[in-house]
Amino acid sequence: MVRVIFFDIDGTLISLTNKVVTESTALSVCQLHDKGIKTFVATGRSRPEIEAQDMLRGMVFDGVLANNGQQCYGAQGALRDVPLSKEDVEALVQHVDEHGYSAWFTEADRLYLNHIDERTKTVMDDIHTEIPQIEDIHRALTHPVYKVVVYLTPEE
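Residues numbered from 1 in each chain as written. Predicted model: local features only at pLDDT ≥ 70, side-chain atom pairs only at ≥ 80, totals over all residues. Heavy atoms only, no water.

Once that is clear, we can look at the sheet that holds strand E5 (residues 77-81). The sheet built from five strands is open, its strands ordered E1-E2-E3-E4-E5 with mixed pairing. Two strands close off the open sheet at either side, each with one partner strand: strand E1 (4-7) and E5. Averaged over all neighbouring strand pairs, the angle between strand axes comes to 20°, with direction disregarded. Relative to strand E2 (residues 38-42), E1 runs parallel, the two sharing four bridges. Bridge pairing in E2 places phenylalanine 6 opposite phenylalanine 40. (Pairing = 2+ DSSP bridges. Helix = DSSP H or I, 4+ residues; strand = E, 2+ residues; numbered from the N terminus. Axes fitted to C-alpha atoms, helices over the stretch in contact; angles between N-to-C directions.)

This next bit is on the side chain of glutamate 135. Along the polypeptide, glutamate 135 turns up in the loop between strand E8 (133-134) and strand E9 (147-150). Of the residues examined, glutamate 135 reaches a relative accessible area of 17% and is grouped as buried. If we ignore the near neighbours within four places in the chain, the residues touching glutamate 135 are Arg110, Tyr112, Leu113 and Asn114. (Buried < 20%, exposed > 50% of the residue type's maximum accessible area, 1.4 Å probe, protein only. Contact = heavy atoms within 4.5 Å.)

In structure tokens:
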């Protein structure tokens, strides 16, 4: 029988209060792994975000389900790799161009925004992540994209 435990990052592995992994959390995950229990991360966060911020520091995992399952990987490499459809990305880029929203695009190894405004800063601070670099979002038309976050109000 295989025993597996899945962990979220935000509020589970990383405290929402102080934005760090406690020593006791890291130790507990390592002890589970040492007992032969498979440990996985299941998160909406992306691989480049997890790695750039060293979110899993001090812990051993058998795999990560990133971008809400769009990208799954383990020590042996990719287990699942499903970017958004080209048609959806084209529609999103066109909509962002037409309306001027701030949008965050996630590729396999790259994160970027079209521009930063106060709304973007507030949201990124709320989710405890670093603001990605500014790039031309038309790049998304020629590269696989796994997630797009568009910063909208309920009215928009």
